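Per-entry structural report
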Amino acid sequence: EYYQSGTESEWRKLGAVDKAKNIISACSKIPHDKVLEIGAGEGALLQELSNHNFGNELSALEISESGAESISKRNIKNLKEVKLYDGYVVPFVDDEFDVVILSHVVEHLEHPRILISEAARVSKHLFIEVPLEDVLTAPKDFKITRTGHINFYSYKGIRKLAQSVDLDCLNQEISNPSFAVHKYLYNNKIKAVVKYSIRKLMLRFFPKMASYIFVYHCHLLLKSKPVARNF
């Protein structure tokens, strides 16, 4: 009962705005009529994509029954179906979707290559977004936190993970969470302005250094490599 029926998290709503913006930008030049989000939670991201008329047919996979129920109860335009799944096996045929989305999911996975491979199998293009948490200030030792993250990525690390399952990286970008997200996190307008501004300026002028010091979000647009044929 992680997602209570009929309730909406302000945090997820704010995050969905940033996530949708990144997806729409990354996928603007590729077909995106049929879209699947894997690990769709309570549906905040699908709702935001629908509000921006992204995708003529939206589908969702979710491991949580309460999440699936919440998605079904939303008034999401063009939502075709919501399915429960086991976290790894994707119940669709090869290349069924133009775009499959794994937004802030991979950092939670015990076996990320399994789900990434499955997601790539059913998609013509795969969009992945993760937080870049393998930074200078990260703790030396692993510790369970409320976020539930068990994988911690750098800019190169997430790229190599995707490439390790035979995916081509068509585009990779780092983004700074919005001021609204910073304001929610710090619950202090002045502190939020300072933190947001520093991270924004660092990312603009010193991107490599910035992603080594601060936690940003990173998204990749991926495509399966063509199968080599010997004649």
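One structure accompanies this document, and this report is about it. (Residues numbered from 1 in each chain as written. Predicted model: local features only at pLDDT ≥ 70, side-chain atom pairs only at ≥ 80, totals over all residues. Heavy atoms only, no water.)

1. What to know about the packing of aromatic side chains
Taken as a whole and assessed by the stated rule, the structure comprises 5 aromatic pairs. Cation over ring: K34 sits above F97, and NZ or CZ is 5.6 Å from the ring centre. (Phe/Tyr/Trp six-rings, centres within 6.5 Å; stacked < 30°, edge-to-face > 60°. Lys NZ or Arg CZ within 6 Å of the ring centre and 35° of its normal.)

2. Some details on the sheet that holds strand 1 (residues 34-38)
Strand order across the open sheet formed by 7 strands is 3-2-1-4-5-7-6, with mixed pairing between neighbours. Edge positions in the sheet fall to strand 3 (79-84) and strand 6 (167-175), since each of these pairs with one other strand and no more. The average angle at which neighbouring strand axes cross in this sheet is 15 degrees, direction not considered. Here 7 bridges tie strand 5 (residues 123-132) to strand 7 (residues 216-224), and the two strands are oriented antiparallel to one another. Bridge assignment links E129 to a residue of strand 7, and that residue is H219. (Pairing = 2+ DSSP bridges. Helix = DSSP H or I, 4+ residues; strand = E, 2+ residues; numbered from the N terminus. Axes fitted to C-alpha atoms, helices over the stretch in contact; angles between N-to-C directions.)

3. Examining the layout of surface pockets
Here the second largest pocket defines a volume of roughly 240 Å³. Considering the residues around the second largest pocket, the lining is formed by 13 residues, among which D18, K21, N22, S175 and N176 are closest to the centre. Put simply, the parts of the chain that give the lining of the second largest pocket at least two residues each are helix 1 (10-26), strand 6 and helix 7 (189-205). The biggest single contributor to the lining of the second largest pocket is helix 1, with 4 residues. (1 Å grid on protein atoms, 1.4 Å probe; cavity = no way out; pocket = protein on both sides within 12 Å on 5 of 7 lines; lining within 4 Å. Points joined across faces, edges and corners; volume = space filled by probe spheres on them.)

4. Considering the side chain of S103
Summarising the element assignment, S103 is placed in strand 4 (residues 97-103). The class for S103 is buried, based on a relative accessible area of 5%. Once you skip the residues sitting within four places of it in the chain, S103 turns out to touch K19, L45 and E129. (Buried < 20%, exposed > 50% of the residue type's maximum accessible area, 1.4 Å probe, protein only. Contact = heavy atoms within 4.5 Å.)

5. A closer look at the pattern of salt bridges
For the coordinates displayed, the defined rule picks out 8 salt bridges. For R74, the salt bridge identified is with E42, shortest N-O distance 3.9 Å. Residue R74 is located in the loop between helix 3 (65-73) and strand 3, and its partner E42 is located in the loop between strand 1 and helix 2 (44-51); the two are separated by 32 residues in the primary sequence. Accessibility assignment for this pair places R74 and E42 in one class, buried. Two residues, D98 and K124, come together in a salt bridge whose shortest N-O distance is 3.9 Å. Of this pair, D98 sits in strand 4 while K124 is found in strand 5, placing the two residues 26 residues apart along the sequence. Members of the salt-bridge network, linked through shared partners, are R12, E42 and R74. (Salt bridge = Lys/Arg side-chain N within 4 Å of Asp/Glu carboxyl O.)

6. Re the packing of helix 6 (residues 179-186) against helix 7
Two elements in contact, helix 6 and helix 7, have axes separated by 8 Å at closest approach and are oriented at 135 degrees. By the angle between their directions, the pair helix 6 and helix 7 is classed as oblique. Of the two possible hands of crossing, helix 6 and helix 7 adopt the one that is right-handed. Listed contacts from helix 7 to F179, H182, K183 and Y186 of helix 6 are K189, K191, A192, V193, K195, Y196 and R199. For the contact of helix 6 with helix 7, a count of residues per class yields 5 nonpolar, 1 polar and 5 charged. (Parallel < 35°, antiparallel > 145°, perpendicular 65-115°, else oblique. Left-handed = near helix turned anticlockwise from the far one by under 90°. Nonpolar A, V, L, I, M, F, W, Y, C, P; charged D, E, K, R; others polar.)

7. Regarding the packing of helix 1 against helix 2
If you want to describe how two helices pack, look at the angle between their axes and the distance between the axes. Where helix 1 contacts helix 2, the axes come no closer than 8 Å and their chain directions differ by 55 degrees. With respect to helix 2, the element helix 1 is oriented oblique. For helix 1 against helix 2, the interelement crossing comes out right-handed. Between helix 1, through R12, K13, A16, V17, K19, A20, I23 and I24, and helix 2, the contact on the second element is made entirely by A44, L45, E48 and L49. Residue composition of the contact of helix 1 with helix 2, grouped by class: 8 nonpolar, no polar and 4 charged.

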